[in-house]
Amino acid sequence: MAHTESTALADVSALRDQLDLVDAEIRALVERRRDLSREVQRTRMLTGGTRTDFTREMRVISPYTESFGRQGTAIAMALLEICRGASASR
Ligand SMILES: O=C(O)C(=O)C[C@]1(C(=O)O)C=C[C@@H](O)C=C1
């Protein structure tokens, strides 16, 4: 059955509501990831280690690249930057 224009607009609106919910879930997951990541970083630094572990970062990035290609790499790198904090330099 063909959609009328108003039905199509209502469908788009309902789908956008779902997208908004998914985006909110993603932001909550990023915050949770950041908290866990900072706990690991704090623990490592308390025992004399560095804030960053680039070998681990490569392992974090790899599955994102496998799933989403170049954009996956970019997502993973942005996530790591958020989780490290802007001031992290080592
Ligand atoms: O897994 C660690 O060792 C972390 O410190 C967490 C994390 C991450 O957010 O995934 C953050 C910084 C490190 O450079 C590597 C990974």
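Within every chain, residues take consecutive numbers counted from 1 along the sequence as written. Local features are withheld for residues below a pLDDT of 70 in this predicted model, meaning they are given only at 70 or higher, and side-chain atom pairs are given and counted only at 80 or more; totals for whole chains, interfaces and linings count all residues. With hydrogens and water excluded, all non-hydrogen atoms of the structure serve as input to the side-chain values.

Secondary structure summary: the chain contains 2 helices and 0 strands in total. A globule of 90 residues ought to have a C-alpha radius of gyration of about 12 Å, yet the chain, at 19 Å, is considerably larger. Seen through its C-alpha atoms, the chain measures out along the principal axes to roughly 65 × 25 × 20 Å. Buried, partly exposed and exposed residues are distinguished by accessible area as a fraction of the type maximum, computed with a 1.4 Å probe on protein chains only: under 20%, between the cut-offs, and over 50%, respectively. When each of the 90 residues of the chain is scored for burial, the buried share is 13%. Contact between two residues is taken to exist if any of their heavy atoms lie within 4.5 Å; hydrogens are not considered. Counting only contacts in the chain whose residues sit at least 6 apart along the sequence, the fraction spanning at least 24 positions is 52%. Averaging the locations of the 14 positively and 13 negatively charged side chains of the chain gives two centres separated by 12 Å. Strands here mean DSSP runs of E at least two residues long; helices mean DSSP runs of H or I at least four residues long; both are numbered from the N terminus. What the globule rule says is 2.2 Å times the number of residues to the power 0.38, and the radius of gyration is computed from C-alpha atoms. Positive charges come from Lys and Arg alone, negative charges from Asp and Glu alone, with His and the N- and C-terminal ends not counted. Charge placement uses NZ in Lys and CZ in Arg. For Asp and Glu, CG and CD serve respectively.

Every residue close to the ligand is listed here: Arg-33, Ser-37, Val-40, Gln-41, Arg-44, Thr-52, Asp-53, Arg-56, Glu-57, Val-60, Leu-80 and Cys-83. Arg-33 has a polar side-chain atom sitting 2.8 Å from an oxygen atom of the ligand. We call two N or O atoms a polar contact when they sit within 3.5 Å, provided that within protein one can donate a hydrogen and the other can accept it, with sequence-adjacent residues counted only if both atoms are side-chain atoms. In the environment of the ligand, an oxygen atom lies 2.7 Å from a nitrogen or oxygen atom belonging to the side chain of Ser-37. With residues, only the protein chains shown are counted as cover, and all accessible areas are computed by Shrake-Rupley using a 1.4 Å probe. Protein chains bury 92% of the 360 Å² of accessible surface belonging to the ligand in isolation. Elements that contribute at least two residues to the shell around the ligand include exactly α1 (5-46) and α2 (54-84). All residues other than Ala, Val, Leu, Ile, Met, Phe, Trp, Tyr, Cys, Pro, Asp, Glu, Lys and Arg, Gly among them, are scored as polar; the first ten of these are nonpolar and the last four charged. Grouping the constituent residues of the shell around the ligand by class yields 4 nonpolar, 3 polar and 5 charged. The cutoff for a nearby residue is simple: one of its non-hydrogen atoms must lie within 4 Å of the molecule or strand.

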